[in-house]
Amino acid sequence: PTMGWLDLDYAQELVKAGIEVDYTDSLADVTWDRVKQYNVLVLYVTPGGWYNPDLKAEPVFIETVKRFVQAGGGVFLWAPENNMVRQVLEPFTEAWGAKLPAEIIIENDPERQGAQTHDVQATPLAYTDTILPSPVSEGVKGIWYPIRPAYNGGMSGPLLVDDNWTVVVKASPTAVTKPVDMSQSPSAIKNPFSRPEGTVTAPPLFAIRSVGAGRV
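Note that the coordinates shown come from a computational prediction; the quantities given were computed from them, not determined experimentally.

The rules behind each value
Residues numbered from 1 in each chain as written. Predicted model: local features only at pLDDT ≥ 70, side-chain atom pairs only at ≥ 80, totals over all residues. Heavy atoms only, no water. Salt bridge = Lys/Arg side-chain N within 4 Å of Asp/Glu carboxyl O. Buried < 20%, exposed > 50% of the residue type's maximum accessible area, 1.4 Å probe, protein only. Pairing = 2+ DSSP bridges. Helix = DSSP H or I, 4+ residues; strand = E, 2+ residues; numbered from the N terminus. Core = buried A, V, L, I, M, F, W, Y, C linked by side-chain atoms within 4.5 Å. Contact = heavy atoms within 4.5 Å. Phe/Tyr/Trp six-rings, centres within 6.5 Å; stacked < 30°, edge-to-face > 60°. Lys, Arg positive; Asp, Glu negative; His and termini not counted. Polar contact = N/O pair within 3.5 Å; in protein donor to acceptor, adjacent residues only side chain to side chain. Expected span 1.5 Å × (residues − 1). Arc of directions from axis to C-beta.

**Student:** I'd like a rundown of the pattern of salt bridges, residues and numbers included.
**Tutor:** In total, this model carries eight salt bridges according to the counting rule given. The salt bridge involving K99 is made with E94; its shortest N-O contact spans 3.5 Å. Among the ionic pairs, D109 bridges to R112, the shortest N-O distance being 3.9 Å. Of the residues examined, D109 reaches a relative accessible area of 22% and is grouped as partly exposed. The network of salt bridges with shared partners includes D22, D29 and R34.

Structure (structure tokens):
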């Protein structure tokens, strides 16, 4: 289900840096015997959260990932949230105290706006230097992130997390959230969660927490 999301050049760079990289095109391959040898899983989807949902396979997949975390593994939830049919990582966000609001981010400061120059679509970018102290942000001064609306969401979305999470990156003080209008979408999720327009300034973009012996 990776649909080309794996960057083979980047994977090769990781290998050269001494990191062993594995991936699968089938979520059925995510078994305990396979994942237990690794330190980190990067998840984009679950079997039940894509165009052709496999609801029968999902309980085993979820249990395997949760077992991995409880045993001390790390899980990076990287949701391409299009809010179509069902949020793609909802079983994990809901279980671990996070929400992915159906909102886009608007950066109002022209000095913090840019474009991805090597991209033929010139994807619009926003800059933030609101980087908070954490075990994973040492040395990071700021980030550019894509903000183009896409499908029933955006290329980057805000987070809403409970007190178990440590927020690491926030959008800039001049950035606000805006609900996604799904009223005319034939594929929109049911009862999407969002806040009133413009009520959240500098929303969280990235957060970490412990779950059992593991990290999310």
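**Student:** So what about the sheet that holds strand β14 (residues 204-208)? Which residues, and what values?
**Tutor:** Spatial strand order, β7-β12-β14: three strands in an open sheet with antiparallel pairing. The open sheet terminates on both sides in strands that have one partner only, identified here as β7 (130-131) and β14. With two bridges connecting them, β7 and strand β12 (residues 166-170) associate as antiparallel partners. Counted as the bridge partner of T130 is K170 from β12.

**Student:** With reference to specific residues and values, describe the nonpolar core.
**Tutor:** Counting 24 residues, the largest nonpolar core has L41, L43, F61, V65, V75, F92 and W96 as its most contacted members. Residue assignment for this core shows that the elements contributing at least two residues are β1 (40-43) and α3 (58-70). With sequence-adjacent residues up to four places away left out, L41 is seen in contact with V35, V65, F68, G74, V75 and F76. Residues Y145, V168, V169 and I208 belong to the second largest nonpolar core, which totals 11 residues.

**Student:** Can you break down the side chain of R112 residue by residue, with the values?
**Tutor:** Summarising the element assignment, R112 is placed in the loop between β4 (103-107) and β5 (113-115). Those residues in contact with R112 that lie beyond four places of it in its chain are E107, L125, A126, Y127, T128, D129, W144, S172 and T174.

**Student:** I'd love a proper account of unusual backbone geometry, names of residues and values included.
**Tutor:** Trans peptide bonds make up the majority, and among non-glycine residues the majority have a negative phi. Positive phi, normally seen in glycine, also occurs at V85, with a value near 70 degrees. As for its position among the elements, V85 is in the loop between β2 (74-77) and α4 (90-95). In this model, A122 sits at a positive phi of 45 degrees, which is unusual for a non-glycine residue. Locating A122 in the fold gives a position in the loop between β5 and β6 (124-128). Accessibility expressed as a relative area gives 40% for A122, which makes it partly exposed.

**Student:** Describe the packing of aromatic side chains, naming the residues involved and giving the relevant values.
**Tutor:** Counting across every chain of the model gives five aromatic pairs. A ring pair is formed by F76 and F206, whose centres lie 5.9 Å apart and whose planes are at 45 degrees; its orientation type is tilted. Taken together, the residues span a long stretch of sequence, with F76 in strand β2 and F206 in strand β14 at a distance of 130 residues. Judged by its relative accessible area of 31%, F76 is partly exposed.

**Student:** Break down the side chain of R209 for me, citing the residues and quoting the values.
**Tutor:** Structurally, R209 is set in the loop between β14 and β15 (210-211). D162 provides the closest opposite charge to the buried, salt-bridge-free R209, at an N-O distance of 4.7 Å. A polar contact is formed between the side chain of R209 and the backbone oxygen of W96, at a distance of 2.9 Å. Excluding residues within four positions of it along the chain, R209 makes contact with W96, G97, N164, W165, G214, R215 and V216.

**Student:** Tell me about α3, and name the residues and values.
**Tutor:** Over its 13 residues, α3 runs 18 Å from end to end, which matches the ideal 18 Å to within 8%, given 1.5 Å per residue. Among all positions of α3, only E58, F61, I62, T64, V65, F68 and V69 are buried. Buried residues of α3 fall within an arc of 160 degrees about the axis and therefore sit on the same side. Exposed residues on α3 whose side chains face more than 90 degrees from its buried face are V60 and E63. On the buried face of α3, the contacting elements are α2 (32-35), β1, β2, α4, β15 and β16 (214-215). Phi turns positive, to about 110 degrees, at G72, one or two residues after α3.

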